Amino acid sequence: MNQDQLKQAVAQAAIDYILPHLEPRSIIGVGTGSTANFFIDLLAQHKYDFAGAVASSEATAERLKNHGISVHDLNSVQELEFYVDGADECNKHLELIKGGGAALTREKIVAAVAKTFICIADVSKKVSVLGEFPLPVEVIPMARSYVARELLKLGGDPVYRTGVVTDNGNVILDVHNMHITDPRGLEEKINGLVGVVCSGLFALRPADVLLLGTSAGVETLVREK
């Protein structure tokens, strides 16, 4: 199967995973990116089985609305049973790098609210050590140079993602050449830098379930708790 077919397969696996648990009042958290888009398109076939969705980006909200799925503000939602999203990298502990689409902060907020975070990805995203994919860090614009200098001290090579402004009005630094052997520790250090809004490391709140598309089918990995 090609990459799009793998994405389609994991998106369908996510639908099959959540459908038995949906109720008319259910609200689903939905992520951002190409794999999440496959999920949204399939989710639309079941839009009368649940109340609506919370979107992790303006682009996702628009796609959901175009399918006739009601989009809710997270502040009006008491709980999310599921959050479904892709990843740029994942490891065996279901720790992730996200943010290639610059929606990392809203993605992390929605993931924090969800009872179950389901990551959908193709096998090319699974790595033994995180960091080959540049780690995105969302930064308040006036702090960009300061945060870049601090990220250099942590061993990374930060590059300003020119021309990109997040839905929150901030900028992105992509940190190259990171060999992330302690994802939780690094996430805490980056979170502690003044001017950082959010890092693309999802280690303090990793995925609960990873649906991984392979040539042999979809593999299900469940995080040990």
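Right, let's walk through the structure included here. Only a predicted model underlies this, so the values are computations on that prediction, with no experimental measurement involved.

1. Looking at the nonpolar core
Link 1 in the chain: Ranked by internal contacts, the top residues of the largest apolar core, which has 27 residues, are Ile18, Val30, Phe39, Leu43, Ile118 and Ile120.
Link 2 in the chain: Broken down by secondary-structure element, the contributors of at least two residues to this core are helix H1 (3-18), strand S1 (27-30), helix H2 (34-43), strand S2 (52-55), helix H3 (58-66), strand S3 (80-85), strand S6 (114-122) and strand S12 (209-214).
Link 3 in the chain: Setting aside its immediate chain neighbours within four residues, isoleucine 18 contacts Ile28, Phe39, Leu43, Phe82 and Ile118.
Link 4 in the chain: In this structure, Leu80, Tyr83, Ala207 and Leu212 belong to the second largest nonpolar core, which totals 21 residues.

2. Considering the pairing of S6
Link 1 in the chain: Of all nine residues in S6, eight are buried; the element is thus mostly enclosed.
Link 2 in the chain: Direction of pairing for S3 relative to S6: parallel, over a ladder of five bridges. Across the sheet, leucine 80 pairs through a bridge with alanine 114, a residue of S6.
Link 3 in the chain: Judged from the five bridges that link them, S6 and S12 form a sheet pairing that is parallel. Each residue of the ladder has a partner; that of cysteine 119, found in S12, is leucine 210.

3. Considering the side chain of glutamate 107
Link 1 in the chain: Relative to the elements of secondary structure, glutamate 107 occurs in helix H4 (residues 104-113).
Link 2 in the chain: Assessed through its relative accessible area of 4%, glutamate 107 is described here as buried.
Link 3 in the chain: In this view, glutamate 107 contacts Thr32, Ser56, Tyr83, Asp85, Lys98, Gly99 and Phe202; residues no more than four positions away in its chain are not counted.

4. Re the sheet that holds S12
Link 1 in the chain: Pairing in this open sheet of six strands is mixed, and the strands run S2-S1-S3-S6-S12-S13 from one edge to the other. Looking along the sheet, the strands with just one partner apiece sit at the ends: S2 and strand S13 (217-222). Across this sheet, the average inter-strand angle for adjacent strands is 25°, counted without regard to direction.
Link 2 in the chain: Against the sheet, H2 contacts S1, S3 and S6, and its axis sits at roughly 155° relative to S1.

5. Re the sheet that holds strand S5 (residues 96-97)
Link 1 in the chain: Reading across the sheet, the three strands line up as S4-S5-S11 and stay open at both edges, with antiparallel pairing between neighbours. Looking at the sheet topology across the chains shown, the edges are occupied by strand S4 (89-90) and strand S11 (201-202).

Rules used in this analysis
Residues numbered from 1 in each chain as written. Predicted model: local features only at pLDDT ≥ 70, side-chain atom pairs only at ≥ 80, totals over all residues. Heavy atoms only, no water. Core = buried A, V, L, I, M, F, W, Y, C linked by side-chain atoms within 4.5 Å. Buried < 20%, exposed > 50% of the residue type's maximum accessible area, 1.4 Å probe, protein only. Helix = DSSP H or I, 4+ residues; strand = E, 2+ residues; numbered from the N terminus. Contact = heavy atoms within 4.5 Å. Pairing = 2+ DSSP bridges. Axes fitted to C-alpha atoms, helices over the stretch in contact; angles between N-to-C directions.

So yeah, pure geometry; function would need other evidence.
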